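Each chain is listed here by its residues.
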Amino acid sequence: MVQSFMTDRKAKERDENKLALEIMTRAWERKQLRDELFIQLCRQTTANTKSKSIERGWQLFTIALAFFPPSIRFRSYLEGYLWRHVEPSTDSQKVLVHVYAQHCHKRVEKMTMMGAKKGLRKPSLEEVQHAKEAPFNPSMFGTSLEEVMEMQEEVKPHLNVPWVMITLSETVSRLQGPHTEGIFRVPGDIDEVNALKLHVDKWKDPPPSLTDPHVPASLLKLWFRELEEPLIPENYYQDCIDNSEHQVNALTLVKSLPDLNRRILFYLVHFLQTFTEESSSSVTRMGIENLAMVWAPNFLRCPSDDHTMIFQNTRKEMSFLRILLRLLDTSEVSEQQSQPHQ
C-alpha cells in the first residue's frame, strides 16, 4: 500500500487521500504496524530518483506522525534519519524535502510526549488532508506565541492577542460555561475536541452544532499546554515560585512580562475571573482554588525533570495563580478583546 501511495506500484484506490487514510487507519489500530510503516518509508525515500514518489513518501511521513509516534526502540533511528534531511541541500528534484523533514522531526518529539491520536473515532479523511498540508500550513497548536501572531497577521490583523484564545474563550461563555458544573475540570469528549481543533486550525469559528462548553474549554487548555514555551516564560519561573506568597511582588512580576505574554495573560486572567464570581462558582463548583489547580500548569511549567521538585512546586504554582485570580486588575484588557471578534 505504501508503494501504491508513492506511485511506485499501481493502486486500486485512485484517491490518494483515501489510500493514505486506509494506511493510517490500519497502523492506528495495530501498533505493531507503525514501526514497519516508518521503516518502509525510510527505505522508499532513500536513493529515490522519482520526484513524485519522493514527495508522496514524505507526505506519508507527515501524515503518519500526525496520528502516532514510532516506538521508543525505533525513535532514535527515525530522528536521525529525519535530521539528516533538514538542510535545503537534501531537497530533491524541486521537492522541498527539508521542509517535510523539519516538520516531521518536530512531530516526533511532540508525539513521543503526547502519544497516538486519542479518542474512539478512527482517523478521518479531513485529518489526513490537514496533516498532509501541515508542513506548508503551520498549525496554531504546538508552536510559539510569536509564530501564532505572525500567522494571524494575515487573517486577523486587528487583534493583538491570539484569535484562537479569544474564539475558544468566547465559545465557552456563549455555551454557558460559567454556569456549567465542573467547567475546565470535566474533560470534553476527546473526539469532539479533536474535531474542533481541526476546525479552528483552519481559522474557522466553532460550528453551530457545538453545544457542550467542556469541548472548547478542553481545547483552550490544550492550546496553552502545547505552547513551545509556557505563557509565563521559563526565565520568570523561579521568581514566580519564590513570590507565590507575596502578593505585591507577584502582581509586579506579571506586569514585567514581555509585552505579548503580558497581554495574553491579562486577557486569560480577565476571562477566568468571571468564573470566580459567586453567581458562577456556586453553580460550577469551580472557585478560585479549583480554577488555580486546573489552570496553573497552563501558566507555569517547571523546567526541572526532578519529580520531587515538580511535586513541591505544584502548590506554589497554584498559590501564584490564586493571587492573580483574586487581585490582578485586568481592567486594561481592551474593549476590542472583550467584544466578539469580526
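Before reading on, note that the structure itself is shown above.
Here's a quick rundown of the structure. Per chain, the residues get numbers from 1 upward, laid out in the order the sequence is written. A pLDDT threshold of at least 70 governs which residues receive local features in this predicted model, and a stricter bar of 80 or more applies before side-chain atom pairs are shown or counted, although totals over entire chains, interfaces and linings include all residues. Based on all heavy atoms of the structure, the side-chain values leave hydrogens and waters out of the count.

### Some remarks on the overall build of the protein
When helices and strands are tallied, the protein shows 18 helices and zero strands. Each radius of gyration reported is based on C-alpha atoms, and the globular scaling rule is 2.2 Å times the count of residues to the power 0.38. In summary, the protein has a C-alpha radius of gyration of 22 Å against a globular reference of 20 Å for 342 residues, a match within 12%. With respect to the three principal axes, the spread of C-alpha positions in the protein is 65 × 40 × 40 Å. Type-normalised accessible area, obtained with a 1.4 Å probe on protein chains alone, sets the label of each residue: buried when under 20%, exposed when over 50%, and partly exposed for intermediate values. Evaluated residue by residue, the protein yields a buried proportion of 53% over its 342 residues. For helices the rule is a DSSP run of H or I covering at least 4 residues; for strands it is a run of E covering at least 2, with both sets numbered from the N terminus onward.

### A few points about the packing of aromatic side chains
Two descriptors summarise a pair of aromatic rings, namely the distance from one centre to the other and the angle between the planes of the rings. Only Phe, Tyr and Trp rings are paired, with Trp represented by its six-membered ring, and only when their centres lie within 6.5 Å; those with planes under 30 degrees apart are stacked, over 60 edge-to-face, the remainder tilted. Throughout the structure, instances matching the rule amount to 14 aromatic pairs. When the centroid spacing of 6.1 Å and the interplanar angle of 85 degrees are considered together, the rings of F184 and F271 count as edge-to-face. Here F184, found in the loop between α9 (163-174) and α10 (190-200), pairs with F271, found in helix α14 (residues 259-273); they are 87 residues apart in sequence, far enough to count as distant. Accessibility assignment for this pair places F184 and F271 in one class, buried. Measuring from ring centre to ring centre gives 5.1 Å for F271 and F275, while their planes differ by 80 degrees; the resulting arrangement is edge-to-face.

### Regarding the environment of Q247
Here Q247 is to be found in helix α13 (residues 247-255). Judged by relative accessible area, Q247 falls into the partly exposed class, the value being 45%. Taking C-alpha positions, Q247 is 9.5 Å from L328, a pair spaced 81 residues apart along the chain. Not counting chain neighbours up to four residues away, the residues in contact with Q247 comprise I323 and L327. Contacts are residue-level and defined by heavy atoms, with any inter-residue pair within 4.5 Å sufficient.

### Digging into helix α3 (residues 32-44)
If you check α3, its first and last C-alpha atoms are 19 Å apart, about what 13 residues at 1.5 Å a residue would give, namely 18 Å. Here α3 has its buried residues at R34, D35, L37, F38, L41, C42 and Q44. Tucked inside the fold, the buried residues of α3 contact α1 (2-5), α2 (16-29), α4 (51-67) and α5 (72-83). Under the convention used throughout, the expected extent of a helix is 1.5 Å for every residue step, that is, one less than its residue count.

### A word on the packing of α2 against helix α7 (residues 125-133)
Helix axes are fitted to C-alpha atoms over the stretch in contact, other axes to C-alpha atoms as well, and angles between N-to-C directions run from 0 to 180 degrees. Where α2 contacts α7, the two axes come as close as 9 Å, and the packing angle between them is 105 degrees. Considering their axes alone, α2 and α7 lie roughly perpendicular with respect to each other. Together, E16, N17, K18, A20 and L21 of α2 and L125, V128, Q129 and K132 of α7 make up the contact between the two elements. Three residue categories are used. Nonpolar comprises Ala, Val, Leu, Ile, Met, Phe, Trp, Tyr, Cys and Pro, charged comprises Asp, Glu, Lys and Arg, and polar comprises the others, including Gly. Within the contact of α2 with α7, the residues separate by chemical class into four nonpolar, two polar and three charged. For classification purposes, an angle smaller than 35 degrees is called roughly parallel, one larger than 145 roughly antiparallel, one from 65 to 115 roughly perpendicular, and anything else oblique.

### Quick word on the pattern of salt bridges
Salt bridge, as used here: a side-chain nitrogen of Lys or Arg that lies within 4 Å of a carboxyl oxygen of Asp or Glu. In total, this model carries 14 salt bridges according to the counting rule given. Between K197 and E226 there is a salt bridge, with the nearest N and O atoms lying 3.6 Å from each other. Here K197 is found in helix α10, whereas its partner E226 is found in the loop between α11 (214-225) and α12 (234-242), with 29 residues between them in sequence. Between R262 and D259 there is a salt bridge whose closest N-O contact spans 3.4 Å.

### With respect to the nonpolar core
General note: in soluble globular proteins, nonpolar side chains tend to be found buried as a group. Only buried residues count toward a nonpolar core, which is a set of Ala, Val, Leu, Ile, Met, Phe, Trp, Tyr and Cys residues joined through side-chain atoms within 4.5 Å. If you look at the biggest cluster of nonpolar residues, it comprises 68 residues, and the most contacted ones within it are F184, W223, F224, L265, W295 and F299. Here the element with the most residues in this core is α14; it accounts for nine residues. Sequence-distant contacts of W223, defined by excluding residues within four places in its chain, comprise M140, F141, L145, V148, P162, V164 and M165. Core analysis: the second largest hydrophobic core is formed by 36 residues, A27, L41, L60 and L78 among them.

### Some points on the environment of R9
Here R9 lies in the loop between α1 and α2. Here R9 is in contact with Q3 and S4, once residues within four sequence places are set aside.

### A closer look at helix α17 (residues 307-327)
For α17, with 21 residues, the first-to-last C-alpha span of 30 Å sits near the 30 Å given by 1.5 Å per residue. Bend, at a single residue, is the angle you get between axes fitted to the 7 residues ending at that residue and the 7 residues starting at it. Its axis deflected by about 30 degrees at N313, α17 carries its strongest bend there. Residues of α17 that are buried: N313, E317, M318, S319, F320, L321, R322, I323, L324 and L325. Where α17 is buried, its residues touch α12, α13, α14 and α16 (288-299). Near the N-terminus of α17, the side chain that reaches the backbone nitrogen of T308, with its oxygen 3.0 Å away, is that of D306. Throughout this description, a polar contact denotes any pair of N or O atoms lying within 3.5 Å of each other; where both atoms belong to protein, one of them has to be capable of donating a hydrogen while the other can accept it, and for residues adjacent in sequence the pair is counted only when both atoms sit in side chains.

### Topic: the side chain of R263
Inspection of the secondary structure assignment puts R263 in helix α14. What makes R263 buried here is its relative accessible area of 19%. Within the structure, R263 has its side chain in polar contact with the backbone oxygen of N160 (distance 2.9 Å). Contacts of R263, omitting those with residues within four sequence positions, involve N160 and V161.

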